[in-house]
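# A closer look at the structure
If you want the building blocks of each chain, they are given just below.
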Amino acid sequence: MILSVRDLRVSFRTHDGPVRAIDGVSFDLEESEILGVVGESGSGKTVSLLAVMGLITDPNATIQGSIRYKGRELVGLPPRELRRLRGNEIAMIFQDPMTALTPVYTIGWQIAEQIRAHRGVSKAKAMERVEELLAEVNFPNPHEAMSRYPHQLSGGMRQRAVIAMALSCDPALLVADEPTTALDVTVQAGILDLVRKLRAKHKSAVVFITHDMGVVSELADRVMVMYAGRVVERGTRMELFSDPRHPYTRALLGSIPPLTGQKPRRLPAIPGSPPSLLRLPQGCAFGPRCPVRYEPCESGRPGLGGGAHAAACFRVAQA
Amino acid sequence: MIDADRPILETRSLAKRFSIGTRFSAEGRRTVHAVDNVSLTVRRGETVGLVGESGCGKSTLARCLVRLYDITDGKLLFEGDDITSKSLSELRPLRRRLQMVFQDPSASLNPRRRVGDLVAEPLRIHGKLSAKEIAARVAELFELVGLLPDHMMRYPHEFSGGQRQRVGIARAIALNPDLVVLDEPVSALDVSVQAQIVNLLADLQEKLKLTYIFIAHDLSVVRQVSTRIAVMYLGSIVEEGPAEEVFATPAHPYSQALISAVPVVETTPTGTRKRIILTGDVPSPLKPPSGCRFHPRCPIAADRCRSERPELTEHRPGRKMACHFPTLT
Ligand SMILES: Nc1ncnc2c1ncn2[C@@H]1O[C@H](COP(=O)(O)OP(=O)(O)OP(=O)(O)O)[C@@H](O)[C@H]1O
Ligand SMILES: Nc1ncnc2c1ncn2[C@@H]1O[C@H](COP(=O)(O)OP(=O)(O)OP(=O)(O)O)[C@@H](O)[C@H]1O
Ligand code: SF4
Ligand code: SF4
Ligand SMILES: [Mg+2]
Ligand SMILES: [Mg+2]
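Residues numbered from 1 in each chain as written. Chains lettered and ligands numbered in written order. Predicted model: local features only at pLDDT ≥ 70, side-chain atom pairs only at ≥ 80, totals over all residues. Heavy atoms only, no water.

Moving on, we come to the nonpolar core. Core analysis: the largest hydrophobic core is formed by 66 residues, its most contacted members being Leu141(B), Val145(B), Ile169(B), Leu204(B), Phe214(B), Ile229(B) and Tyr254(B). When residues of this core are assigned to their parent elements, the largest contribution, seven residues, is made by helix α7 (residues 191–208) of chain B. With sequence-adjacent residues up to four places away left out, Phe214(B) is seen in contact with Thr47(B), Val48(B), Gly49(B), Leu50(B), Leu182(B), Pro185(B), Leu201(B), Val221(B), Val222(B) and Val225(B). Within the second largest apolar cluster, 63 residues are counted, among which are Leu8(A), Leu173(A), Ala205(A) and Leu277(A). (Core = buried A, V, L, I, M, F, W, Y, C linked by side-chain atoms within 4.5 Å. Buried < 20%, exposed > 50% of the residue type's maximum accessible area, 1.4 Å probe, protein only. Helix = DSSP H or I, 4+ residues; strand = E, 2+ residues; numbered from the N terminus. Contact = heavy atoms within 4.5 Å.)

Shown next as C-alpha cells:
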C-alpha cells in the first residue's frame, strides 16, 4: 500500500462561516495503480490532494484525519520532512504547467537542478539524465529542447516538460490535478498515453484528477466520484462505468452526449446546480437534484460504507 | 419571400489577418493568418458546428461573421446581400438579426446591474417599445430561458454559471435574431449543467426558428447540437459535412485524428477504439507550412502535399474535404 487516507476533513474559516471543503474522505492506493478522481467544480478534488501533499498553507484551514504514505503518518509531519518527500518520492503535475516552471531559465537547466537537488550528481550527469527524460516524454529533439525557455514551447510541450521533471525523481506516487484540461484533445491523447506507459515502466502509483468521465474511463484502474466534499461512489473502472449505482454518477454519465450512434433528441439533464458548501441542503447533498429522492434522504447524509464498489445513497444501501 | 434553401449567411474566400509587432520590435511587423480562405454557407434553421484545435481560428471566424471584426479579404453575404464592408450605421438594422453569445457570461454582464435590467438593455437600445412593453418582453424572455420572475431583481454574482449563461442567452435572443453565433457557450459550465443549456438551445431553436453557429471544444457536445460541422485547421476549413456522417466516417486525416482522440466512456475491459496520436505541434499561423498546412503532422503525407495546397472540394454530395488523399467510404 502506497497511500492510505482515512476520514480526511479539511475546513476553511471564511467571512460567511466555515466551509467544509472535505468532509470525511477515505481511500487507498496500491503500487502502480491509477486512481481517477472525478467531480464537478468545487467538489473538493484539489483540496483533498493538496492536503495529501501537505500543501494547504491557508492559515484558516483545519485538517483532520489520517494520511499514511507507505505506512508513515503525514498529518502533523514538519514541513521540512514533507518537502523532502515531495521532491524525492512524491511528484505533482498541475493544470497550468507554469506553476512548476520558471520563465527565466531553460527547461533543461530547471530539470537538471531538480535532479541535482535531490540526487547529488554532477552537472554533466544530470544533463544526460534530462535528455533521457525529455526523450521519454516524446520530445522529438530532446537535446535541442533542453536549451529552450518555457515560452518557446507549446502548452502540450510545457506539460510534457513538467512530467519529465516530475519523473526525474522516479516518484513512487504521482499526483496529477487536471493536467490535460487546458490542452487540445489531440495533445491530451498523447499525454494520457504517456501516463499509461510511465506507470508500466516506473511502477508509479498515480492519482489523476479530472472532471472528464471519458478521461477517467480511459486511464483509471479505480475511480472515486466526489460531490460536495464527499466521495459518493467508488469502484473499479468497470464497476463504475458498467454498473454505476449512485444517482449522481448515473445522471452524470447519462448527460454526456454520445460520440457515435443515434443522437438523443434531448439530453437527460440534471436539474439545478451543485450546492454551495456554505448552504448545504438538509440530508443528502444531492437530494434537491436527485430524481429518486424519498423521505429517508432528508434524515441525514448517507454514508459510503465499506465494500470495494460502494455508493453513498440510502436507496443503494437498501437495495 | 423567405426561401428555406436560400443561405442566410455565406462567406466567400474569407480571410482575417492580424498585424502584430511594429517595425521596431525584435521580429519586426508580422502577420497572423488567423482565418484563411474560408467559404462557408449557412442555411436557415441549421446549426453549423465549428471544431478544431485551440488557435485554429474558430473565434476569429465567428467574430468576422457578425462583423465584430473587419474582414481582411473575401466576402460576407447576409441573405445574399454583400455586407463585407458595410459601415456601422449601415449595419445597424442587421445587428438585431445577428447576435453572439460568449463563453464567459460574467465577463459580458455588468456586475452592478440587476439581471432584469441587463436583459432589457438591448430592447431599450434597439427597440421602439414602451416601458410597459419592455417589462412584458423581459418577463417572457425569462420564462423562455428557464429563469424565475423573482430572479429579475438579482445581480449576476448571485447566480450560478448555468444561470448566468441563461441570462446571456436571454439577452442574445431579446431582439428576435435570425442567427446566433455561440462561442463556447457551455465550456465554462459544470458537466451536469451543460446538458441543461444544450437542451435549452435546442428548444429555443425550434420555437424561434433560429440558425446557430456553434463553437465548443467538447466534440460530443458539438455533434449533439449541430446538423453540419466544419473542421478547421490553421485558419481554414479542412472538412465539412453532416455532423453524424463526419463523426462516423471522417475523411480528412486531421478530422480522423481529432475525432479518434476524444476520450469516451467505455465499458469494455480494454479500449477498443483505435487512436491516432499526432506527433508534432500545431504550427504557427505566423508561418503556415507550404502546400497542405497539415502536412508536417499528417501520417500519410506525400510529396505532392508539401508543394500543392488542396482545395476544399465536394467529393460526395454534401461532403467536402481539403485533402489530396481523403478516405472516402
Ligand atoms: N482557501 C480556501 N478558503 C475557503 N474555501 C476554499 C479554499 N480553498 C478551497 N475552498 C473551497 O473548497 C471547495 C473545494 O475546492 P476544490 O478546489 O478542491 O474543488 P475542485 O473539486 O478541485 O474544483 P475544480 O474542478 O473547480 O478545480 C470549494 O468550494 C472551494 O471554494
Ligand atoms: N486580436 C488578435 N491579434 C493577433 N492575433 C490574434 C488576435 N486574435 C486572435 N489571434 C490569433 O489568431 C489565431 C486564431 O485565434 P482564435 O482565437 O480565433 O482561435 P480559436 O480557434 O478560437 O482558439 P480557442 O479554441 O483557443 O478559443 C491564433 O493564432 C491567435 O493567436
Ligand atoms: S440518498 Fe436519496 S437523495 Fe441522495 S442520492 Fe440517494 S436517493 Fe438521491
Ligand atoms: S493533403 Fe496530404 S498532407 Fe494534407 S491532409 Fe491530405 S494527405 Fe495529409
Ligand atoms: Mg481543482
Ligand atoms: Mg476561441
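Chain A puts 44 residues into the contact, and the matching count from chain B is 41 residues. Of all residues in chain A, Thr186(A), Leu259(A) and Lys263(A) bury the most surface against chain B, accounting for 22% of the area lost on that side. Viewed at the interface, chain B and chain A are joined by three salt bridges. The residue Glu218(A) makes a salt bridge to Arg275(B) at a minimum N-O spacing of 2.7 Å. (Buried area = accessible area lost by both parts, 1.4 Å probe. Salt bridge = Lys/Arg side-chain N within 4 Å of Asp/Glu carboxyl O.)

Here the focus is helix α4 (residues 123–136) of chain A. Residue and element names in this part refer to chain A. Taking 1.5 Å of rise per residue, the 14 residues of α4 would be expected to cover 20 Å, and the 20 Å separating its terminal C-alpha atoms lies within 8% of that figure. Here α4 has its buried residues at Ala126, Val130, Leu133, Leu134 and Glu136. Within α4, the buried residues cover an arc of 150° as seen down the axis, which keeps them to one side. Turning to α4, the residues buried within the fold contact α3 (107–118), α5 (142–145), α6 (155–167) and α7 (185–202). Positive backbone phi, approximately 70°, marks Asn138, located one or two places after α4. (Expected span 1.5 Å × (residues − 1). Arc of directions from axis to C-beta.)

A few words on the packing of helix α4 (residues 115–126) of chain B against helix α6 (residues 161–173) of chain B. Residues and elements named next belong to chain B. Between α4 and α6, whose axes approach to 7 Å, the crossing angle comes to 25°. The orientation of α4 relative to α6 falls into the category roughly parallel. Our pair here, α4 against α6, has a crossing hand that is right-handed. Contacts from Val115, Leu118, Val119, Glu121 and Pro122 of α4 reach α6 at Val167, Ala170 and Arg171. Here the residues of the contact of α4 with α6 are counted per class, giving six nonpolar, no polar and two charged. (Axes fitted to C-alpha atoms, helices over the stretch in contact; angles between N-to-C directions. Parallel < 35°, antiparallel > 145°, perpendicular 65-115°, else oblique. Left-handed = near helix turned anticlockwise from the far one by under 90°. Nonpolar A, V, L, I, M, F, W, Y, C, P; charged D, E, K, R; others polar.)

Residues and elements named next belong to chain B. Unusually for a residue other than glycine, Asn176 sits at a positive phi of about 55°. The exposure class assigned to Asn176 is partly exposed, which follows from its relative accessible area of 44%. In this structure, Lys209 takes a positive phi of about 55° despite not being glycine. Tracing the backbone through its elements, the reader meets Lys209 in the loop between α7 and β8 (211–215).

Attention now goes to the side chain of Ser192(B). Relative to the elements of secondary structure, Ser192(B) occurs in helix α7. In terms of polar contacts, Ser192(B) uses its side chain to reach the side chain of Arg289(A), at 2.7 Å. With sequence-adjacent residues up to four places away left out, Ser192(B) is seen in contact with Glu40(A), Leu252(A), Ile270(A) and Arg289(A). (Polar contact = N/O pair within 3.5 Å; in protein donor to acceptor, adjacent residues only side chain to side chain.)

Around ligand 3, a shell composed of His246(A), Pro247(A), Cys284(A), Phe286(A), Gly287(A), Cys290(A), Val292(A), Cys297(A), Pro302(A), Cys313(A), Phe314(A) and Arg315(A) is seen. Considered class by class, the residues forming the shell around ligand 3 number nine nonpolar, two polar and one charged. (Near = heavy atom within 4 Å.)

Another aspect to go through is the pattern of salt bridges. Applying the stated criterion to the full structure yields 45 salt bridges over all chains. Of the charged contacts, one joins Arg17(B) and Asp73(B) as a salt bridge, the two residues approaching to 3.0 Å between their closest N and O atoms. Separated by 56 residues along the polypeptide, Arg17(B) in strand β1 (residues 7–20) and Asp73(B) in strand β4 (residues 73–78) bring together distant segments of the chain. What emerges from the salt-bridge pattern is a single network uniting Asp7(A), Arg9(A), Arg20(A), Asp23(A), Arg230(A) and Arg301(A).

Below, the discussion takes up the layout of surface pockets. All names here are of chain B. Its boundaries defined by the atoms lining it, the second largest pocket holds a volume of some 530 Å³. Listed by contribution, the elements that provide at least two residues to the lining of the second largest pocket are β6 (98–101), α3 (105–108), α4 and α6. Class assignment of the residues belonging to the lining of the second largest pocket gives a composition of 11 nonpolar, five polar and four charged. (1 Å grid on protein atoms, 1.4 Å probe; cavity = no way out; pocket = protein on both sides within 12 Å on 5 of 7 lines; lining within 4 Å. Points joined across faces, edges and corners; volume = space filled by probe spheres on them.)

Moving on, we get to the pairing of β4(B). Residues and elements named next belong to chain B. In this structure, β1 lies alongside β4, joined through five bridges in antiparallel fashion. Note on β4: the bridge partner recorded for Glu10 is Leu77. Relative to strand β5 (residues 81–82), β4 runs antiparallel, the two sharing two bridges. Its bridge partner lying in β5, Phe78 is registered against Asp81. Counted along the chain from β4 to the antiparallel partner β5, the turn is two residues long, and its residue Glu79 has a positive phi close to 50°. (Pairing = 2+ DSSP bridges.)

In any sheet, the strands associate via hydrogen bonds between backbone groups, in a parallel or an antiparallel arrangement. Residue and element names in this part refer to chain B. Spatial strand order, β6-β7-β8-β3-β9-β10-β12-β11: eight strands in an open sheet with mixed pairing. A single partner strand is all that each edge strand has here, and the edge strands are β6 and β11 (313–316). Recorded for the sheet is a direction-independent mean angle of 20° between the axes of neighbouring strands. Sitting on the sheet, α7 is in contact with β3 (47–51), β7 (179–183) and β8, with an inclination near 160° to β8.

To continue, consider the pairing of strand β9 (residues 222–227) of chain A. Side-chain positions along a regular strand alternate between the two faces of the sheet. Residue and element names in this part refer to chain A. By the criterion of burial, β9 is predominantly enclosed, with five of the six residues buried. Both strand β3 (residues 34–39) and β9 contribute to a ladder of five bridges, which runs parallel. Of the residues in β9, the one forming a bridge with Leu35 is Arg222. Alignment of β9 against strand β10 (residues 230–236), held across six bridges, turns out to be antiparallel. Looking at the pairing, Val223 lines up with Gly235 of β10.

Time to look at the side chain of Glu218(A). Residue position: Glu218(A) is located in helix α8 (residues 213–219). Residue Glu218(A) is classed as buried on the basis of its relative accessible area of 13%. Side-chain polar atoms of Glu218(A) contact the side chain of Arg275(B), separated by 2.7 Å.

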